[in-house]
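# Architecture and fold: a report
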Amino acid sequence: MYPTVLTPVLRALRVCMHALVALLLTLAALRALVGADLAGPRSTLIVAAVVVMGGVYAVGNLMPTVGPSRRASVVWLGCLTASWIGLSALTAEGVWLAFPLFFLFPHLLPLRVALPSVAALTVVAVGGYAAHEGGLAPGMVLGPVLGAAVAVATVLGYQALYRENDERRRLVEDVVAARTSLAAAERHAGVLAERERLAREIHDTLAQGFSSIQLLLRAAERALPEDPANADRHVRLARVTATDSLAEARRFVRALAPAELDSSSLEAALERLCARTAAEAGLDVRFRSTGAVVELPTAFEVALLRIAQSALGNTVRHAAATRVEVTLSHMDASVTLDVVDDGRGFDPVTPPARTGSSGTGFGLAAMRTRAAELGGALTLEAAPGQGTAVAATFPVAAGVGR
């Protein structure tokens, strides 16, 4: 495996390798120039061989294809080995240049090729040194053998460390990518949750108000010109509803609690809601509270009021009912809001949005979501021609309040 990223350790090894090659080549040239054959042709050949090997070594290090390309690496190592053999044949000092080759072969070639090549280089080095010295001594064998072993072990150790570092780097990159993906998913989920919350708030406040204004203005149109007093009453109610809707919009932008709960209890807010719905829609809307009244968390009160608004809005728009009963029941461990009408009803298995009616089905889904977010539950009972009953139940712990 050839490292494609120059780590600090690899840079240091390369600098040491370049220094070693330069030192050994310089030593061989100096020995040739100051030796006994100073004026002879042998010294000239040695210097020429040093220049050739140095040039081949330099060209290989400057070529970007050596290393990443197996073919270029083999060609360069072949030329470098040939120049080394030529230099070793001329001088014993050239034999020691086998040590850089011991590092380069396992570094650039796979082990199945590098190990036999290093063994062959060791044999050539031992034989060349023995030839120059006129005999074979134990030191001539141990030097190249130990040098080859140390070089191979060093390269293999570094490659193992490089692989481990590379795996660790990839693991870190995977962790960073996973965290980035998780953060993006969390942001997306947050955006979706906020979008859903905004949709519920708009549906239960502004949309209900606009629907009431539309119904009141239509009633005013029908009353004109025969009954201007009744038409004026409807217009005044529409103006009041528009004012309330504007206040809801402002409070909605500021993320405040409903205005109905600012200075009154939930029971009072529900009673006013029923009275306003009765006046706007001309229905018999009644409210009653049962059980011992306990202070509820603000989130529960907001949810119960919004569910009541949504349920009454659905009744006015879709149920064609004449009577609606809203009941708030305080029990030992829960509080339940029931909204029951005597309208046309529907089949719960087939949502209104699928039957071709004007309903979208969003109101029921929003009510269920509101209840589920606070650990509550919303149940629906309906049948064609038998009215509709919506019940929202929230668990209430003893002593829990605002």
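What you are looking at is a predicted structure, and each value in this text was computed from that prediction instead of being measured.

## Focus: the overall build of the protein chain
When helices and strands are counted, the protein chain shows 10 helices and five strands. For the protein chain, with 402 residues in total, the buried portion stands at 40%. Taking contacts inside the protein chain between residues at least 6 apart in sequence as the whole, the part at least 24 apart equals 67%. As presented, the protein chain carries roughly 21500 Å² of accessible surface, and 64% of it is formed by carbon and sulfur atoms.

## Overview of the pairing of strand β3 (residues 334-341)
Among the eight residues of β3, six are classified as buried, and the element is accordingly described as predominantly covered. Between strand β2 (residues 323-330) and β3, which pair antiparallel and follow one another directly, the connecting turn spans three residues.

## Examining the sheet that holds strand β4 (residues 377-382)
Spatially, the five strands line up as an open sheet ordered β1-β2-β3-β5-β4, and their pairing is mixed. The sheet is open, and its two edges are formed by β1 (284-290) and β4, each paired on a single side. Each strand axis lies, on average, 10 degrees off the axis of its neighbour in the sheet, ignoring direction. Relative to β3, β2 runs antiparallel, the two being bridged by seven bridges. Residue pairing across strands places Ser329 opposite Thr336, the latter belonging to β3. Against the sheet, helix α8 (residues 266-281) engages β1, β2 and β3, with an angle of about 170 degrees to β1. The strands touched by helix α9 (residues 298-319) within the sheet are β1, β2, β3, β4 and β5 (388-395), with β3 carrying the most contacts at an inclination of about 10 degrees.

## Details of the packing of aromatic side chains
This model, assessed by the stated rule, comprises five aromatic pairs. Between Trp96 and Phe99, the ring centres sit 5.7 Å apart and the planes meet at 5 degrees, which makes this aromatic pair stacked. On the basis of relative accessible area, Phe99 is assigned to the partly exposed category, the value being 21%. Each ring, one from Phe300 and one from Phe394, has its centre 5.2 Å from the other, and the planes form 35 degrees; the classification is tilted. Separated by 94 residues along the polypeptide, Phe300 in helix α9 and Phe394 in strand β5 bring together distant segments of the chain. For the pair Phe300 and Phe394, one class covers both residues: buried. A network of ring pairs unites the aromatic residues Trp96, Phe99, Phe102 and Tyr129 as a single cluster.

## Looking at unusual backbone geometry
Negative phi is the rule for most residues except glycine; trans is the rule for most peptide bonds. Omega for the peptide link from Leu224 to Pro225 comes to -5 degrees, which places this bond in the cis form. Here Pro225 lies in the loop between α6 (138-223) and α7 (228-253). A positive phi angle is found at Ala320, which is not glycine, with a value near 55 degrees. Structurally, the position occupied by Ala320 is in the loop between α9 and β2.

Cut-off values and rules
Residues numbered from 1 in each chain as written. Predicted model: local features only at pLDDT ≥ 70, side-chain atom pairs only at ≥ 80, totals over all residues. Heavy atoms only, no water. Helix = DSSP H or I, 4+ residues; strand = E, 2+ residues; numbered from the N terminus. Buried < 20%, exposed > 50% of the residue type's maximum accessible area, 1.4 Å probe, protein only. Contact = heavy atoms within 4.5 Å. Areas by Shrake-Rupley, 256 points an atom, 1.4 Å probe, with all protein chains shown as cover. Pairing = 2+ DSSP bridges. Axes fitted to C-alpha atoms, helices over the stretch in contact; angles between N-to-C directions. Phe/Tyr/Trp six-rings, centres within 6.5 Å; stacked < 30°, edge-to-face > 60°.

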